[in-house]
Amino acid sequence: MPIEFPASYWKDYELLDSGNGEKLERFGKYVLRRPEPKALWMPSMPEADWKRLSHVVFKPGAGFGKAGKEDSGTWEKSKRMEDQWGIVYNGEPDPETHAASDLHLSLRLGLTSFKHVGVFPEQAPNWEFIYRETSRLVRIHKANGLPAPKVLNLFAYTGAASLAAKCAGADVTHLDSVRQVVTWARENMERSGLDGIRWVVEDALKFAKREAKRGNKYDGIILDPPAYGHGPDGEKWKLDELLFGLLQNVSAILSERDAFMVLNLYSNGYSAALGETVVREAFRGAFKEMTSGELAFTDSFGKVLPLSIYVRLKR
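Since this is a predicted model, take the numbers as computed values, not measurements.

Trainee: Would you take a moment to explain a nonpolar patch on the surface for this structure?
Mentor: A contiguous nonpolar patch, built from M1, I3, F5 and V304 and spanning about 360 Å² of accessible area, is present on the exposed surface. Considering the arrangement of structural elements, one finds F5 in the loop between β1 (3-4) and β2 (13-19). By relative accessible area, F5 is classed as partly exposed at 35%.

Trainee: Would you mind going over the nonpolar core with me for this structure?
Mentor: One broad trend across soluble globular proteins is that nonpolar side chains are buried collectively. F27, L105 and W127 are the most contacted members of the largest nonpolar core, which has 48 residues in total. Not counting chain neighbours up to four residues away, the residues in contact with W127 comprise W10, Y89, L103, L105, L107, V119, F120, A160, A161 and A164. By size, the runner-up hydrophobic cluster in this structure holds 35 residues, among which are Y218, L246, V279 and L313.

Trainee: Even after reading the chapter, I still don't get helix α7 (residues 272-283), so can you show me in this structure?
Mentor: Along an α-helix, residues three or four positions apart point the same way, because every turn accommodates 3.6 residues. For α7, which comprises 12 residues, the first-to-last C-alpha distance of 16 Å matches the rise-based estimate of 16 Å (1.5 Å per residue) to within 8%. All of the buried residues along α7 are A272, G275, V278, V279, A282 and F283. Angularly, the buried residues of α7 cover 130° about the axis, an arc narrow enough to put them on a single face. The inward-facing, buried residues of α7 abut α6 (239-253), β15 (260-265), β16 (289-298) and β17 (304-314).

Trainee: Where do I start with the packing of α6 against α7 in this structure?
Mentor: Geometrically, a packed helix pair is captured by the angle between its two axes and the distance between the axes. At a minimum axis distance of 8 Å, the contact between α6 and α7 shows a crossing angle of 50°. With respect to their mutual orientation, α6 and α7 come out oblique. For the pair α6 and α7, the crossing hand works out as right-handed. Contacts between α6 and α7 involve L243, F244, L247, Q248, V250 and S251 from the former and V278, V279, E281, A282 and F283 from the latter. Partitioned by chemical class, the residues of the contact of α6 with α7 number 8 nonpolar, 2 polar and 1 charged.

Trainee: Please explain the pattern of salt bridges as it appears in this structure.
Mentor: Oppositely charged side chains are able to pair whenever their charged atoms sit close together. Inspection of every chain in the model, using the stated rule, returns 22 salt bridges. Of the charged contacts, one joins R210 and E202 as a salt bridge, the two residues approaching to 3.0 Å between their closest N and O atoms. Given a relative accessible area of 29%, R210 falls into the partly exposed group. Residues R257 and D258 are paired through a salt bridge, measuring 3.6 Å at the closest nitrogen-oxygen approach. Residue R257 is classed as exposed on the basis of its relative accessible area, which comes to 64%. The buried category is assigned to D258, whose relative accessible area is 18%.

Cut-offs applied
- Residues numbered from 1 in each chain as written.
- Predicted model: local features only at pLDDT ≥ 70, side-chain atom pairs only at ≥ 80, totals over all residues.
- Heavy atoms only, no water.
- Patch = residues over 30% accessible without salt bridge, like charges linked within 9 Å, V, L, I, M, F, W, Y side chains within 5 Å.
- Areas by Shrake-Rupley, 256 points an atom, 1.4 Å probe, with all protein chains shown as cover.
- Salt bridge = Lys/Arg side-chain N within 4 Å of Asp/Glu carboxyl O.
- Helix = DSSP H or I, 4+ residues; strand = E, 2+ residues; numbered from the N terminus.
- Buried < 20%, exposed > 50% of the residue type's maximum accessible area, 1.4 Å probe, protein only.
- Core = buried A, V, L, I, M, F, W, Y, C linked by side-chain atoms within 4.5 Å.
- Contact = heavy atoms within 4.5 Å.
- Expected span 1.5 Å × (residues − 1).
- Arc of directions from axis to C-beta.
- Axes fitted to C-alpha atoms, helices over the stretch in contact; angles between N-to-C directions.
- Parallel < 35°, antiparallel > 145°, perpendicular 65-115°, else oblique.
- Left-handed = near helix turned anticlockwise from the far one by under 90°.
- Nonpolar A, V, L, I, M, F, W, Y, C, P; charged D, E, K, R; others polar.

What follows is the structure, encoded as structure tokens:
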């Protein structure tokens, strides 16, 4: 099974150490310490070094570990730092020509009450896939006199994947159920020197069902659903119960040819094999190619920390 890692040349992110249910990470100029359930081993650095290096530590709250509140808590600063700051991601150069990529992301980070900071850096390989596939579709559409390919990002959070598709020239629709998160994504678009993304505050499953009824199609669809969540009108989302139905609707709105889909899953109980099976059954064989694997980091001591699984499909 493939394991993919963000490129080592990305200087704005680094996993310094991991272990004892935590990870020590550098985002730009700041070092953060936060929980990581998958870090089942012991840290390589002594506790004194973790304390010395950390600018801020996430302290779990009363709801930590409970469904829907599993990441809740507060941040405690041990050094002076800004509440908001930025990092940059520049895409991988062309492997054959070594030409620089046009994939440039400028992302605003911030300390949230759910241990997240506005970016999931292990997703960089998915950003690269989205950029490559969208670029390929743009070339096909131009050669055939067609408008820009349409890419839909569901559960889109602060929008790095949306920006990857936009950098490649897509007509992008960005959907999330939280208005404040969509506003954050718009800021990232502006910081990245881009424009023209369509913003939607909506429940992802409702939107996909409505698009299927209308017969609307997209040339690329990106899904990164949470284990639990709520729509803007209180709709309940539970991954185990609703994922298959969502994927069936996604199959109906994905173009029949020259199209791609990316599914990312963080749930601890999901494997790449399970993800591939649920996608295969939802799409009922209506695709040309499918790949799956894990996204992971290697900390500075060589320990591999797997964080999510992906399934990528092409039509």
